[in-house]
Amino acid sequence: MADLALYRKYRSGNFSEVVGQDHIVRTLTSALASGRIRHAYLFTGPRGVGKTSVARLLARALNCTGAEKPCNDCPNCKTAINSSLDIIEMDAASNRSIDAVRDLREKVGLAPTQGRYKVYIIDEVHMLTTEAFNALLKTLEEPPAHAVFILATTEAHKLPETIISRTQAFSFKPITASDITAQLGRIAAAEKITITPEALEIIATSARGGFRDAISLLDQLAGAGEQSITGEDVRNLLGYSAGEEIASLSRALAANDTTQALEVATRLNASGAQAAMIATQLAAQWRAILLANCGAAPATDDVVRELSTSVAPARIAEIITSLIEITRSSWPQLALEAALVRLTVPAITVVVAPVAAAPAKRTPSTPRPEPAVSAVRVSGNADASATDAPASELWPKVLVHIKAHNNSLAALLQMYPVEFTASEITIKPRFNFHRDLFLKPANRTAVEAASAKVYGGPIKFSARTEEAGKPARRTQSDPAAELVSSALEILGGEIVD
Ligand SMILES: [Zn+2]
């Protein structure tokens, strides 16, 4: 593959060049220095984090006669670089049968041709068949003095315990975004590739800890012949939004900051980002947060580290569930906004604010007056007189009708207080762009049609943002709101005709 050219070229030449696996490098170099060599090593970890590169370094170092191992200069190192007979690499994914291991067992007794050790690197070792594992185990139980096995796998849990217990295991970590960024920067400079810091950062984040993927992406971008690679080039290639924007969306969700969340979503939308892709990126970030929170995986970047310790697991799961729904929605943009509002204002419910009740004069301690409804009309009655105010308690039924056709619109309508007059329903969203969205002809028509069905006559639907400073919503401690909320829950999903 052409786009692996840079990866091969910049493979670590010695242990000091290995990126992001300091704990492993330290242990291996001190073992080499003291001569405490094991017969079997197990390298586990995600793909593209340097397992094979370190295995090759170790193989070379074992036979190196220089001072700093591998020196890449002694005769053994020079031979090893051009494929030595003493370093045997085997890909278990394509050689999983007993025959491959049998062949290995037959030759393992032969003395090394040049160096002191014969080193077997078995990649993707979890792919071996049970028979092959058993054969390998026999070799590991009684290895010839000159044999060293380096087993590498992305799926250590698939290895038999008997194999694992015969090895010294090293767990390779996903490489941090900042380590990847720094290393990519060095490669770009050496290759005279002009690339912005933002572009480097996006590549690093999208690689999710895998160095090989990051370099391959850089290779692809450089190969496209751009004079200078920008963040936009990378985003275009990936269909991605800026990592910072995704991080600030995540932070807004964690902080229940509706305004910030919607502002970022609007900005991303304006820049051409697809809502479903935003949701996918967010979901991936929150998955990482969940894994870090449970201790199932280390935090891969700053936002993951920060939020994994500050957000409760149940809340993280709730956020992920909502984000997955967005990716399945037929109207992702609206679904994203509705989800951002719902997730940042968890206690919100439908609030009816009857005009005739003069809410401005009430104090919170006075009981809420009955909604000013002179006549409650049932559906089917098309003879609504102009003097009758629509029943506010029928609003949830209107929402149920809308929900049947447009779940996201209903969810968004549910977020805000509504005012009723005889012939008009006015919703009071907190944000201008939600007002504009409600006033879109298709949405207005949908609300008016549903209202006409429920109230039995023509009702005008309008939207107006609340004046600044005035609370746009009440919480569930409001008894009226609570009532409507439970009514909605009861009605939820039921078709009322
Ligand atoms: Zn050497």
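## Some points on the packing of aromatic side chains
- Applying the stated criterion across every chain, the model contains seven aromatic pairs.
- Between Tyr 416 and Phe 438, the aromatic rings sit 6.3 Å apart at their centres with planes inclined by 85 degrees, giving edge-to-face as the arrangement. Here the residue Tyr 416 occupies a position in the loop between helix H19 (407–413) and strand S8 (418–420), and Phe 438 occupies one in helix H20 (residues 432–439), the gap between them amounting to 22 residues. Just as Tyr 416 is buried, Phe 438 falls in that class too.
- Ring pairs connect the aromatic residues Tyr 41, Phe 43, Phe 170 and Phe 172, which therefore count as one cluster.

## Observations concerning helix H6 (residues 130–141)
- In a regular helix each residue adds 1.5 Å, so 12 residues correspond to 16 Å; H6 covers 16 Å between its end C-alpha atoms and thus fits that length.
- Contacts from the buried residues of H6 go to strand S1 (40–44), helix H5 (98–107), strand S3 (118–123), strand S4 (147–153) and helix H7 (161–164).

## Considerations on the sheet that holds strand S9 (residues 424–427)
- Reading across the sheet, the three strands line up as S8-S9-S10 and stay open at both edges, with mixed pairing between neighbours. Two strands lie at the open edges of the sheet, namely S8 and strand S10 (460–463), each paired on one side alone. The mean angle between the axes of side-by-side strands here comes to 20 degrees, regardless of whether they run parallel or antiparallel.
- As defined by bridge partners, S8 adjoins S9 across three bridges and the pair is classed as antiparallel. Following the sheet pairing, Val 418 is matched in S9 by Ile 427.

## Let's talk about the nonpolar core
- Core analysis: the biggest nonpolar cluster contains 63 residues, and Trp 286, Trp 395, Leu 413 and Phe 438 have the highest contact counts within it.
- Looking at this core, the element that brings in the most residues is helix H14 (residues 275–294), giving nine residues.
- Sequence-distant contacts of Phe 438, defined by excluding residues within four places in its chain, comprise Leu 409, Leu 412, Leu 413, Tyr 416, Ile 427, Pro 429, Asn 443, Arg 444, Phe 461 and Ala 463.

## A word on the coordination of the zinc ion
- Those donors, Cys 64 (SG), Cys 71 (SG), Cys 74 (SG) and Cys 77 (SG), are the protein atoms that reach the zinc ion, and they lie 2.2 to 2.3 Å from it.
- The coordination sphere of the zinc ion comprises four donor atoms, whose angles at the metal cover 102 to 121 degrees; the geometry is tetrahedral.
- Spacing between the donor residues of the zinc ion along the chain follows C-x6-C-x2-C-x2-C.

## Some points on the side chain of Gln 285
- Take Gln 285: it is sitting in helix H14.
- Setting aside its immediate chain neighbours within four residues, Gln 285 contacts Ile 246, Ala 247, Ser 250, Asp 301, Val 303 and Val 304.

## Details of the pairing of S1
- Of all five residues in S1, five are buried, a share of seventy percent or more.
- Burial along S1 is two-sided: the residues Ala 40, Leu 42 and Thr 44 and Tyr 41 and Phe 43 are all buried.
- Bridge analysis of S1 against S4 gives five bridges, and the strand direction is parallel. Pairing of Tyr 41 across the sheet is with Ile 150, part of S4.
- Pairing between S1 and strand S5 (residues 168–171): four bridges, direction parallel. Within S5, the residue paired with Leu 42 across the bridge is Ala 169.

## Re helix H11 (residues 231–238)
- Those residues of H11 that sit buried are Gly 231, Asp 233 and Val 234. Viewed along the axis of H11, the buried residues span an arc of 165 degrees, placing them on a single side of the element.
- Those residues of H11 hidden inside the fold are in contact with helix H9 (197–206), helix H10 (211–223) and strand S7 (228–229).

## Concerning the sheet that holds strand S2 (residues 87–91)
- Taking strand neighbours across the sheet as the criterion, the five strands line up as S2-S3-S4-S1-S5 in an open arrangement whose pairing is parallel. The sheet terminates laterally at S2 and S5, the two strands that pair on one side only. When the angles between neighbouring strand axes are averaged without regard to direction, this sheet yields 15 degrees.
- Against the sheet, H5 touches S2, S3 and S4, its axis set at about 170 degrees to S3.

## Points about the packing of helix H16 (residues 313–328) against helix H17 (residues 332–344)
- It is at 9 Å that the axes of H16 and H17 come closest, and there the two elements cross at 165 degrees. When the axis of H16 is compared with that of H17, the two are roughly antiparallel. For the crossing formed where H16 meets H17, the hand is right-handed. Residues Arg 315, Glu 318, Ile 319, Ser 322, Glu 325 and Ile 326 of H16 touch H17, and the partners they reach there are Pro 332, Ala 335, Leu 336, Ala 339, Arg 342 and Leu 343.
- Residue composition of the contact of H16 with H17, grouped by class: seven nonpolar, one polar and four charged.

## A few points about unusual backbone geometry
- Cis geometry is found at the peptide bond from Lys 69 to Pro 70, where omega equals -5 degrees.
- Take Pro 70: it is sitting in the loop between helix H3 (51–63) and helix H4 (75–81).
- Phi is positive for Asn 72, close to 65 degrees, though the residue is something other than glycine.
- Residue Asn 72 is classed as partly exposed on the basis of its relative accessible area of 24%.
- Not every positive phi belongs to a glycine, and Glu 124 is a case in point at roughly 50 degrees.
- Residue position: Glu 124 is located in the loop between S3 and H6.

Rules of the game
- Residues numbered from 1 in each chain as written.
- Predicted model: local features only at pLDDT ≥ 70, side-chain atom pairs only at ≥ 80, totals over all residues.
- Heavy atoms only, no water.
- Phe/Tyr/Trp six-rings, centres within 6.5 Å; stacked < 30°, edge-to-face > 60°.
- Helix = DSSP H or I, 4+ residues; strand = E, 2+ residues; numbered from the N terminus.
- Buried < 20%, exposed > 50% of the residue type's maximum accessible area, 1.4 Å probe, protein only.
- Expected span 1.5 Å × (residues − 1).
- Contact = heavy atoms within 4.5 Å.
- Pairing = 2+ DSSP bridges.
- Axes fitted to C-alpha atoms, helices over the stretch in contact; angles between N-to-C directions.
- Core = buried A, V, L, I, M, F, W, Y, C linked by side-chain atoms within 4.5 Å.
- Donors = N, O, S within 2.8 Å, 3.2 Å for Na, K, Ca; no water.
- Tetrahedral: all angles 85-135°; square planar, octahedral: opposite > 155°, others 65-115°.
- Arc of directions from axis to C-beta.
- Parallel < 35°, antiparallel > 145°, perpendicular 65-115°, else oblique.
- Left-handed = near helix turned anticlockwise from the far one by under 90°.
- Nonpolar A, V, L, I, M, F, W, Y, C, P; charged D, E, K, R; others polar.

The values are spatial; any link to function lies outside them.
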